[in-house]
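These are the residues of each chain, in order.
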Amino acid sequence: MKKAISLALALTLAVSFAACGGGGGGGNSQGGGGSESDVIKIGVFEPLTGGNAGGGELEVRGIELAHEKYGEVLGKKIELVKADNKSDAVEASVAASRLVESEKVDIVIGSWGSTLSNAGGPIFKENKIVCMGASCTNPNVTNSNEYYYRVCFIDPFQGTVLANYAFNDLGAKNVAIIFESSNDYAVGLKNFFEEAFKELGGTISSTSTYQLDDTDFSSQLQAALANNPDCIFAPGNFTEAALMMQQARQTGSDIQFLGGDTFEVPELITIGGDAVEGCAITSFFDPAAPINDTTTEFIEAYRAKYNEEPAAFAALGYDAYVTVYKAIEAAGSVDSDAIRDALSTIVVPGATGNIRFNDKGDAIINLAVLKVVKDGKFEYLSTVTID
Amino acid sequence: MIQNLTTEMFIQSVANAISVGSLYAMVAIGYTMVYGILRLINFAHSDIFMMSMYFVFYLITIFALPWPIAFIAAVLATGVLGIVVEAAAYRPLREAPRISVLISSIGVSYLMENFGVVVFSGIQKQFPPVPAFQSVVVIGSIYFQKLSLYMPVVTAISVVGLLYLIDKTKIGMAMRATSKDYETAKLMGININTVISTTFAIGSMLACVGAIMWGLKYPKIEPYVGIMPGLKCFIAAVIGGIGNIKGAVVGAYLLGFMEIMIVLFIPALSSYKDAFAFIMLIAILLLRPAGILGEKKADKV
Amino acid sequence: MKDLSKNASRILTAVALAGFAVFLWLAYKGIALGPYEARIVRLSGIYAIAALSMNLINGFTGQFSLGQAGFMALGAYTTSLLVIPPEAKESLYWVEPINPFVRNLQAPFLVALIAGGLMASFFAFFIGFPVLRLKGDYLAIATLGFSEIIRIFITNLIPITNGPVGLKNIPSTANILWTSLSCAAIVVLLLRLMKTSYGRTFKAIRDDEVAAEAMGISLFKHKLMSFLLSAFIAGISGGLLASVVGAITPAYFRFTLAYEILLIVVLGGQGSITGSVVGAIILSVSKEWLRFLDSGFNLLFFRVPEIAGLRMLVFSLLLMAIILFYRRGLFGSREFSWNSIYRPIAFLINKIRKPKKEAGDDSA
């Protein structure tokens, strides 16, 4: 018995060696010296497994879609090199290192999850490789890293948009906050919302917290509802938010919920069902209100390939790729400094709006889309611009 | 910071605590049964819980079975899974030190999670809704899901059934004998492997019942969905006295009440909620290591 | 068949160490290894240190503790807060302003690293007092619980730790020399310690607590000593990890991290110092080496499409095989010796020389 198993094990190992020879060999022959070779390599630094896999996959879809459309630049083919960062900071540092130092990619896109972006950041900086974030909204990502850029709007802007919407459009004077305290994104968004809302003259009636993977929010909801707020702002992960809204409805409350861009995934609706109806969120983009031709082009391509409505994260992945593509084109090379120069001047018409960058590397977008969940869909509400 | 507490809020919280406690109890029993027989903390129990949720999901969405049949099929499939896990990962280590078996259970847990990521994908899925359980009932000013009414009943029936099985039937007698003294039970002609397989099957089936109720209440499925419930229920089992079935139930309700009440009375501490579960665990371990209902055992020399 | 003489073993060890030193120097200079390979070697060293810390308390003293993740977190945060420059710290704390005392703390890397270890030991002292009275599984649960409590507090003490946002811009001082030499120093320390009366006492407690107590050994004192030293080493590994990765968050230090370290200890063999080091190297190298599985590969004649996560599935299957069929790990509770390589070679040579005599006797 033992021998048979040892044999099987040895066989497995041998086969995987053989497989490695095949797979690895193929990779190496194309590798070599980055800019001199006849392909341009773009690293995709995303969580494909682990807790953030859902978001990572959406971004990768957008990136792949854009890659199909824009497959060649400067007369060279573009190759995507994926590295799974496993939703884990240490794995992310290794994955980033692998992309930059072993695969010798010319430029990187990613990652979903600011924590993972932060772990890759020093490696990109040290190797002078530009990294284009798609949806990492934490201010710390581009802080003191001149090689990190991102195409999404960042937390302060989102917080302001939501506060304005609550105060002006909903007429809310009194808001309860329930946020995910274990999530940097949610903590940031909560702070910026609170600041903006108080400045407008509103009050925060109560604040309570929950943690990732919590499933019961009955106590937080009771505490929030006890003060009769006009609405509840609940920044955090979408699954917890969906459960929270369900539980709110079960207590007989029809209170208005507000959330950030992380809510905009199909799972919010599939998990939350009827309970998430009426929830208002900010987003980067909406198929119903195409901002420019790229939006239309993206939506059509996405529908054709995946047979469903595109999510904002896929659009951001698409934009990150397109931005990188246009920057290489404008720079005329894959040299990082040339790309950075190009990024400081170009305006890229992306699916989520016209993207240009400030000197911190953050996209300057003074445009956000407000959406509301209606009949099991994210429905376009309005486009907001703030100076 | 104590908020203005109304009677309705308190009653609502009690109702919530009972339903959460019932959920914890179903899974905690599985931990405690395996511990009673094998003296093993079965870390893989939380992943059996996870797998059973996927069983329900696929039986309803792909095989399009009506929910009562899907639930029963999932419970049976989970029982089989429990037997398979035991036979593959624990039986080969029967004569090995206990620590090796514990490590094997961590290994199996790791394996099942990675299996889940590859086969089911990391993207969350919705537990299929069953309106019959999920509709809302109003009594006075208290609102709850019908499920919350059924949960304590299901738990009570399961516990009574299980206690009957253990106290009155032949296999139950064999289980008690095995848990008292493994070697002697063997000498008495008890087939240890059958007893252990049965224990795993029952524990896993109860975990599946718990998972179904969990899924109806918190309809989210992903490969890591079992970790937190697993840890909580395990704490519940230890608080009640691991190895003791009534203890697991008491511990589960105690933990459920404590979690809900802390957030109700002191909302400012809600982000420390999980820390309190652990503090309670450690306090119990130090003051009464055998748990609330556990028996004190002397060391054998 | 004769074993190698003591002198021959010593010479081999000296040659191997010299070879290692040369390799390390070349790697440090960037000649022997690329930065990506060097990163894997650096992480191997850190995992080895973490595994040694767990092996000391679990493998040598027989106290099954699962609190390593918490001690690593304490080390990582202490070290990071001491080495990040004050201005950089201030710009990170955008959720709540940083505590001014924490802002101005500064120390050189070595001091910071040791401070991290001491911080972990300090907490271990208070945890150890109540917890070390427990045994076996109960001790495992209680230490796991404390590790989670530490993590939850780190998440919530925002002015000190920056909460869930975590820290970044941690200077990457810990190059390959730092990690390898720290690892080597801890290996030497533990090898020496095991030869002293303390080491023998630890093993006596592991083998039979009751008998050890009857011999007049103070169980609690020795268990606490082992626990404190183990926490210190875990703290060091946390500090090095923070420096290599450059960014940390409390979420990384969940209790599941302790499971991964435990798997290294099991792979190398509980109670084997060299085993833990070899286990850590095998684990981190194979995890990376298996990456090709995720991106699609050729299996004989078939093209296997890309499947995210296949790497980890194969990896956990291999681990399971080791747990079930080689449960004593690579080294058991023994240390590496040249004879363990020499004996099978000598055996084979013998067999080839006298095939007839030895035929049929393959039970070894």
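Residues numbered from 1 in each chain as written. Chains lettered and ligands numbered in written order. Predicted model: local features only at pLDDT ≥ 70, side-chain atom pairs only at ≥ 80, totals over all residues.

Digging into the overall build of chain C
Phase 1 of the analysis: A count of helices and strands for chain C gives 17 helices and two strands.
Phase 2 of the analysis: What you see for chain C is a C-alpha radius of gyration of 23 Å, in line with the 21 Å of a compact globule of 364 residues.
Phase 3 of the analysis: Principal-axis analysis of the C-alpha atoms gives chain C an extent of 80 × 65 × 40 Å.
Phase 4 of the analysis: The 364 residues of chain C split such that 49% are buried.
Phase 5 of the analysis: In chain C, of all internal contacts separated by at least 6 residues, the share reaching a separation of at least 24 is 81%. (Helix = DSSP H or I, 4+ residues; strand = E, 2+ residues; numbered from the N terminus. Rg over C-alpha atoms; globule rule 2.2 N^0.38 Å. Buried ≥ 20, exposed ≤ 12 C-beta atoms within 10 Å, placed from the backbone. Contact = placed C-beta atoms within 7 Å.)

Comments concerning the overall build of chain B
Phase 1 of the analysis: Scanning chain B for helices and strands turns up 12 helices and two strands.
Phase 2 of the analysis: Listing each helix as α and each strand as β along chain B from the N terminus yields α-α-α-α-α-β-β-α-α-α-α-α-α-α.
Phase 3 of the analysis: On C-alpha atoms alone, chain B measures out to a radius of gyration of 19 Å, which is about the 19 Å that the 2.2 N^0.38 rule sets for 301 residues.
Phase 4 of the analysis: For chain B, the spread of C-alpha atoms along the principal axes amounts to about 60 × 50 × 35 Å.
Phase 5 of the analysis: Within chain B, the fraction of its 301 residues that count as buried is 56%.
Phase 6 of the analysis: In chain B, 75% of the contacts between residues at least 6 apart in sequence involve partners at least 24 apart.

Overview of the sheet that holds strand E8 (residues 203-210) of chain A
Residue and element names in this part refer to chain A.
Phase 1 of the analysis: The sheet built from seven strands is open, its strands ordered E8-E7-E9-E10-E11-E14-E15 with mixed pairing. Edge positions in the open sheet fall to E8 and strand E15 (377-385), since each of these has one partner strand only. Taken over all neighbouring pairs, the strand axes of this sheet differ in orientation by 25 degrees on average, direction set aside.
Phase 2 of the analysis: When strand E10 (residues 256-259) meets strand E11 (residues 280-283), the two strands line up parallel, connected through two bridges. Within the sheet, the bridge partner assigned to Gly 259 lies in E11 and is Ile 281. (Pairing = 2+ DSSP bridges. Axes fitted to C-alpha atoms, helices over the stretch in contact; angles between N-to-C directions.)

Digging into the interface of chain C and chain A
Phase 1 of the analysis: Taken together, the contact between chain C and chain A spans 40 residues of the former and 40 residues of the latter.
Phase 2 of the analysis: Those elements giving two or more residues to the side of chain C that touches chain A turn out to be helix H2 (35-60), helix H4 (86-92), helix H7 (136-156), strand E1 (297-299) and helix H15 (310-325) of chain C.
Phase 3 of the analysis: With five residues, the top contributor of residues to the side of chain C that touches chain A is H2(C).
Phase 4 of the analysis: Among the residues making up the side of chain C that touches chain A, the classes are represented as 23 nonpolar, 13 polar and four charged. (Nonpolar A, V, L, I, M, F, W, Y, C, P; charged D, E, K, R; others polar.)

Quick word on the packing of helix H2 (residues 45-61) of chain B against helix H10 (residues 227-240) of chain B
Residues and elements named next belong to chain B.
Phase 1 of the analysis: Close contact between H2 and H10 brings their axes to 8 Å; oriented N to C, the two are set at 135 degrees. By the angle between their directions, the pair H2 and H10 is classed as oblique. In this structure, the crossing between H2 and H10 has a hand that is right-handed. Judged by residue contacts, His 45, Ser 46 and Phe 49 of H2 engage Ile 227, Pro 229 and Gly 230 from H10.
Phase 2 of the analysis: Among the residues making up the contact of H2 with H10, the classes are represented as three nonpolar, three polar and no charged. (Parallel < 35°, antiparallel > 145°, perpendicular 65-115°, else oblique. Left-handed = near helix turned anticlockwise from the far one by under 90°.)

Brief notes about the sheet that holds strand E2 (residues 72-73) of chain A
Residue and element names in this part refer to chain A.
Phase 1 of the analysis: Taking strand neighbours across the sheet as the criterion, the six strands line up as E2-E3-E1-E4-E5-E6 in an open arrangement whose pairing is mixed. The sheet is open, and its two edges are formed by E2 and strand E6 (148-150), each paired on a single side.
Phase 2 of the analysis: In the packing of helix H3 (residues 89-102) onto the sheet, contacts are made with strand E1 (39-46), strand E3 (76-84) and strand E4 (107-110), and the angle to E3 comes to roughly 160 degrees.
Phase 3 of the analysis: The sheet strands contacting helix H11 (residues 312-331) are E1, E2, E4 and strand E5 (131-133), and the helix crosses E4 at an angle near 160 degrees.

With respect to H10(B)
Phase 1 of the analysis: Its 14 residues place the ends of H10(B) 20 Å apart at the C-alpha level, agreeing with the 20 Å of an ideal helix rising 1.5 Å per residue.
Phase 2 of the analysis: With 13 of 14 residues buried, H10(B) is to be regarded as a mostly interior element. (Expected span 1.5 Å × (residues − 1).)

Section: the environment of Val153(B)
Phase 1 of the analysis: Relative to the helices and strands, Val153(B) is located in helix H6 (residues 146-168).
Phase 2 of the analysis: For the pair Val153(B) and Ser22(B), spaced 131 residues apart in the sequence, the C-alpha separation amounts to 8.7 Å.

Looking at the pairing of E4(A)
All names here are of chain A.
Phase 1 of the analysis: Residues Ile 107 and Ile 109 line one face of E4 and the alternating positions Val 108 and Gly 110 line the opposite face, and both faces are buried.
Phase 2 of the analysis: Here E4 pairs with E5 via two bridges, running parallel. Along E5, the bridge assignment pairs Val 108 with Cys 131.

So, the interface of chain C and chain B
Phase 1 of the analysis: Contact with chain C, which involves 30 residues of that partner, is made by 32 residues of chain B.
Phase 2 of the analysis: Where the side of chain C that touches chain B is concerned, the elements lending two or more residues are H7, helix H13 (256-268) and H15 of chain C.
Phase 3 of the analysis: The element that contributes the greatest number of residues to the side of chain C that touches chain B is H7(C), accounting for 11 residues.
Phase 4 of the analysis: For the side of chain C that touches chain B, the residue count by class is 23 nonpolar, four polar and three charged.

Some remarks on the confidence of the model for chain C
Predicted coordinates in areas of low pLDDT are best not read in detail.
Residue and element names in this part refer to chain C.
Phase 1 of the analysis: Per-residue confidence for chain C averages 86 on the pLDDT scale, and 94% of its residues sit at or above 70.
Phase 2 of the analysis: Across chain C, the element-wise mean pLDDT spans from 54 in helix H17 (residues 355-358) up to 96 in helix H3 (residues 68-83).
Phase 3 of the analysis: Predicted confidence for residues 358-364 stays below pLDDT 50, and this span has two contacts to residues more than four positions away or in other chains.
Phase 4 of the analysis: Two numbers describe this predicted complex: its pTM, 0.85, and its ipTM, 0.84. (pLDDT = per-residue confidence, 0-100.)

A word on helix H1 (residues 7-38) of chain B
Residue and element names in this part refer to chain B.
Phase 1 of the analysis: Its 32 residues place the ends of H1 46 Å apart at the C-alpha level, agreeing with the 46 Å of an ideal helix rising 1.5 Å per residue.
Phase 2 of the analysis: Along H1, the largest kink reaches about 25 degrees and is centred on Val 27.
Phase 3 of the analysis: Along H1, 27 of the 32 residues are buried, which leaves the element largely enclosed by surrounding structure. (Bend = angle between axes of the 7 residues up to and from the residue.)

Topic: the nonpolar core
Side chains of nonpolar character tend, in soluble globular proteins, to be buried together.
Phase 1 of the analysis: Core analysis: the biggest nonpolar cluster contains 328 residues, and Ile109(A), Ala28(B) and Leu281(B) have the highest contact counts within it.
Phase 2 of the analysis: Broken down by element, this core gets its largest block of residues, 17 residues, from H1(B).
Phase 3 of the analysis: Here this core spans two domains, since at least three of its residues come from each of domain 1 (32-153 + 292-356) and domain 2 (155-283 + 369-385) of chain A.
Phase 4 of the analysis: Each residue touching Ala28(B), except ones within four places of it in the same chain, is listed here: Cys233(B), Ala236(B), Ala237(B), Ala248(B), Gly251(B) and Ala252(B). (Core = buried A, V, L, I, M, F, W, Y, C linked by C-beta atoms within 7 Å. Domains from an automatic or database assignment.)

Describing the environment of Tyr58(B)
Residue and element names in this part refer to chain B.
Phase 1 of the analysis: With respect to the helices and strands, Tyr 58 occurs in helix H2.
Phase 2 of the analysis: Tyr 58 gets classed as partly exposed once you count the C-beta atoms within 10 Å, which come to 17.
Phase 3 of the analysis: The spacing of Tyr 58 and Phe 127 is 69 residues in sequence and 9.7 Å in space, taken between C-alpha atoms.

Looking at the pairing of strand E7 (residues 174-180) of chain A
All names here are of chain A.
Phase 1 of the analysis: Among the seven residues in E7, six count as buried, and that is most of the element.
Phase 2 of the analysis: Alignment of E7 against E8, held across seven bridges, turns out to be parallel. Each bridged residue has a counterpart across the sheet, and for Val 175 the counterpart in E8 is Ile 204.
Phase 3 of the analysis: Bridge count for E7 against strand E9 (residues 231-233) is three bridges, and the pairing is parallel. What sits directly across from Ile 177, in E9, is Phe 233.

A look at the packing of H3(C) against H7(C)
Phase 1 of the analysis: One way to put it is that H3(C) packs onto H7(C) with a least axis distance of 7 Å and a crossing angle of 35 degrees. Contacts between H3(C) and H7(C) pair Ala69(C), Gly70(C), Ala73(C), Leu74(C) and Tyr77(C) from the former with Phe146(C), Ser147(C), Ile150(C), Arg151(C) and Ile154(C) from the latter.

Points about unusual backbone geometry
Phase 1 of the analysis: Residue Ser111(A) is reached from Gly110(A) by a cis peptide bond, and omega for that bond is 5 degrees.
Phase 2 of the analysis: A positive phi angle, near 50 degrees, is found at Asn228(A), a position not held by glycine.
Phase 3 of the analysis: Here Asn228(A) lies in the loop between helix H7 (218-225) and E9.
Phase 4 of the analysis: Taking the C-beta count within 10 Å as the criterion, Asn228(A) has 10 such neighbours and is therefore assigned exposed.
Phase 5 of the analysis: Of note, the phi angle at Asn169(C) is positive, near 60 degrees, even though the residue is not glycine.
Phase 6 of the analysis: Locating Asn169(C) in the fold gives a position in the loop between helix H8 (158-161) and helix H9 (176-195).

Focus: the environment of Asp47(B)
All names here are of chain B.
Phase 1 of the analysis: On the secondary structure map, Asp 47 appears in helix H2.
Phase 2 of the analysis: A count of 28 C-beta atoms within 10 Å places Asp 47 in the buried class.
Phase 3 of the analysis: Note: C-alpha distance between Asp 47 and Met 112 (65 residues apart in sequence) is 6.4 Å.
Phase 4 of the analysis: In contact with Asp 47, other than residues within four places in its own chain, are Ser 109, Met 112, Glu 113 and Gly 226.

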